[in-house]
Amino acid sequence: MSNQTITRAEVTDAIVREVGLTRQESSDLLDRTLDMIGAALEVENEVKLSRFGNFVVRSKAAREGRNPKTGEEATIAARRVVTFRPSPMLKALVDKT
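Here goes a summary of the coordinates provided. Note that the structure is a prediction, hence the values are computed from the model and not measured. (Residues numbered from 1 in each chain as written. Predicted model: local features only at pLDDT ≥ 70, side-chain atom pairs only at ≥ 80, totals over all residues. Heavy atoms only, no water.)

### With respect to the overall build of the chain
Step number 1: The secondary structure content of the chain amounts to 3 helices and 5 strands.
Step number 2: N-terminal to C-terminal, the α/β element order of the chain is α-α-β-β-β-β-β-α.
Step number 3: Radius of gyration (C-alpha) of the chain: 19 Å, far over the 13 Å computed for a compact globule of 97 residues.
Step number 4: When the backbone C-alpha atoms are referred to their principal axes, the chain occupies close to 55 × 35 × 25 Å.
Step number 5: Every one of the 97 residues in the chain was classed for burial, and the buried ones make up 14%.
Step number 6: Of all intrachain contacts in the chain linking residues separated by at least 6 positions in sequence, the fraction that spans at least 24 positions is 32%.
Step number 7: About 8100 Å² of surface is accessible on the chain, with carbon and sulfur atoms providing 54% of the total.
Step number 8: For the chain, the distance from the average position of its 16 positive side-chain charges to the average position of its 14 negative side-chain charges is 6 Å. (Helix = DSSP H or I, 4+ residues; strand = E, 2+ residues; numbered from the N terminus. Rg over C-alpha atoms; globule rule 2.2 N^0.38 Å. Buried < 20%, exposed > 50% of the residue type's maximum accessible area, 1.4 Å probe, protein only. Contact = heavy atoms within 4.5 Å. Areas by Shrake-Rupley, 256 points an atom, 1.4 Å probe, with all protein chains shown as cover. Lys, Arg positive; Asp, Glu negative; His and termini not counted. Charge placed at Lys NZ, Arg CZ, Asp CG, Glu CD.)

So this is what it looks like as structure tokens:
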């Protein structure tokens, strides 16, 4: 495989080839799946995809930072971030290449 980004259209095309759904049904399936993941993360649930990994929402406290260009100090606001922890199977697959 090359070092290219896989796009939503390419995933939709793969679903069409592998599952046999129409392009519209495949696109709807992918959209619904991503919506479900996003909705679960929005309410801070953990999303576990077997043999792939876990998406987890973490809360980060406010902190002092520095503008690297000017050196000026600035406060970085508290925020929530999504982190991904790959499964051991995915780690092994990536390490194999």
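### With respect to the pattern of salt bridges
Step number 1: Scanning the entire structure with this criterion turns up 5 salt bridges.
Step number 2: Notably, a salt bridge pairs Asp31 with Arg8, separated by 2.4 Å at the nearest N-O pair. Of this pair, Asp31 sits in helix 2 (residues 23–42) while Arg8 is found in helix 1 (residues 8–19), placing the two residues 23 residues apart along the sequence.
Step number 3: We note a salt bridge from Arg85 to Glu46, for which the minimum N-O separation is 3.8 Å. Of this pair, Arg85 sits in strand 5 (residues 79–86) while Glu46 sits in the loop between helix 2 and strand 1 (47–49), and the two are 39 residues apart along the sequence.
Step number 4: Look at Arg85 and you get partly exposed, because its relative accessible area is 45%.
Step number 5: With relative accessibility at 39%, the residue Glu46 sits in the partly exposed group. (Salt bridge = Lys/Arg side-chain N within 4 Å of Asp/Glu carboxyl O.)

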